[in-house]
Every structure is written in C-alpha cells, then in structure tokens.
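Here's the letter readout for the chains.
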Amino acid sequence: MKALLQRVAQAQVTINNQVQGHIGQGLLVLLCAEPSDDETVADRLLRKTLALRIFADDAGKMNRSLLDIGGELLIISQFTLCADTSSGNRPSFTAAASPLLAQTLYDYFVNQASLSGLRVQTGQFGADMKVGLVNDGPVTIPITLR
C-alpha cells in the first residue's frame, strides 16, 4: 500500500459541491492499494500513520504522533499514487489494485482507523473529489509498505 500523509491545520473534501468530510489539525491521508496488498499490510500502514512523530512538541521538534495530539484524519482513496510515468507522457495505473480490492482495503483501513478513538472523515471511493487543505509546515510524507 502507498500513502501520502500531509500534516494539516485543516482539510476538507467536496463531492458535487457538497462537503463530504472535513477535519481540523491532523493528517490528510491519500491512500492507494496495490494488487499484492491485504489487511495485514493495511494494519501496518495504519499503525505507522498513527504513530509517526511529525507533530511539534513543546520545544518545536517533530516528536509527537497523531495519537499524542488527539488529531483528526481525513482519508481519501487515490489510485494515482501508483502512477507509472517511466514511459511516455501519459501515466499508467496498472500497478494499482483492482477497484474491488482497492475499495475493500480502503474500507478496512477507514474502519480500523475509526477504532483508534480519533475523529475520522472520508471521501467517497471512486468519486470525483475536490480536496482542499492547509498544509502545516509544510510536512508531506510518502509511505510505501508491502
């Protein structure tokens, strides 16, 4: 699985001109499943996401996790994280999981994240979404787990 984590002061996702989800301080998680992924990989990625120390402590150092600060999560499916741009100018997305597997793992990731006790908001799998954010830092961290 691949994720792109963005530390945000706030973020929201809009679908058909209606806000679907919004958060304050926390993480915007853009999430992509690959064909070999399963729930074990999703669990590892979620643990890493929740524990990654990318929020400032009292000394201003990135030393606190999302769990430490009680932050919020906005989780958006994004198969384009698997884009292959090595040949030509049109990206290939053949490295992304099938829509059925991707949605199953996205839903699983969201459900497991909800068990963390943090406020979790989402987009809509497969929808055309408009994502707005105020990146805090900016801090943007890519993660790939297999």
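What you see is a predicted model, and the numbers here were worked out from it, not measured in a lab.

A. Expanded view of helix 3 (residues 99-114). With 16 residues, helix 3 ought to run about 22 Å at 1.5 Å a step, and its terminal C-alpha atoms sit 22 Å apart, in line with that. Among the residues of helix 3, Ala102, Leu105, Tyr106, Tyr108, Phe109, Val110 and Ala113 are the ones counted as buried. Buried-residue contacts for helix 3 involve strand 3 (26-32), helix 1 (39-51), strand 6 (72-77) and strand 7 (120-122).

B. Up close: the packing of helix 1 against helix 3. Between helix 1 and helix 3, the shortest axis-to-axis distance is 10 Å and the interhelical angle comes to 45°. Considering their axes alone, helix 1 and helix 3 lie oblique with respect to each other. Crossing angle aside, the handedness with which helix 1 passes helix 3 is right-handed. Of helix 3, the residues touching helix 1 (which contributes Glu39, Ala42, Asp43, Leu45, Leu46 and Thr49) are Leu105, Tyr108, Phe109, Gln112 and Ala113. Residue composition of the contact of helix 1 with helix 3, grouped by class: 7 nonpolar, 2 polar and 2 charged.

C. Inspection of the state of the cysteines at higher detail. Under the defined criterion, the tally for this structure stands at 0 disulfides. Cysteine cysteine 32 shares no disulfide, and the gap to the nearest cysteine sulfur, in cysteine 82, comes to 3.1 Å.

Analysis parameters
- Residues numbered from 1 in each chain as written.
- Predicted model: local features only at pLDDT ≥ 70, side-chain atom pairs only at ≥ 80, totals over all residues.
- Heavy atoms only, no water.
- Helix = DSSP H or I, 4+ residues; strand = E, 2+ residues; numbered from the N terminus.
- Expected span 1.5 Å × (residues − 1).
- Buried < 20%, exposed > 50% of the residue type's maximum accessible area, 1.4 Å probe, protein only.
- Contact = heavy atoms within 4.5 Å.
- Axes fitted to C-alpha atoms, helices over the stretch in contact; angles between N-to-C directions.
- Parallel < 35°, antiparallel > 145°, perpendicular 65-115°, else oblique.
- Left-handed = near helix turned anticlockwise from the far one by under 90°.
- Nonpolar A, V, L, I, M, F, W, Y, C, P; charged D, E, K, R; others polar.
- Disulfide = S-S within 2.5 Å.

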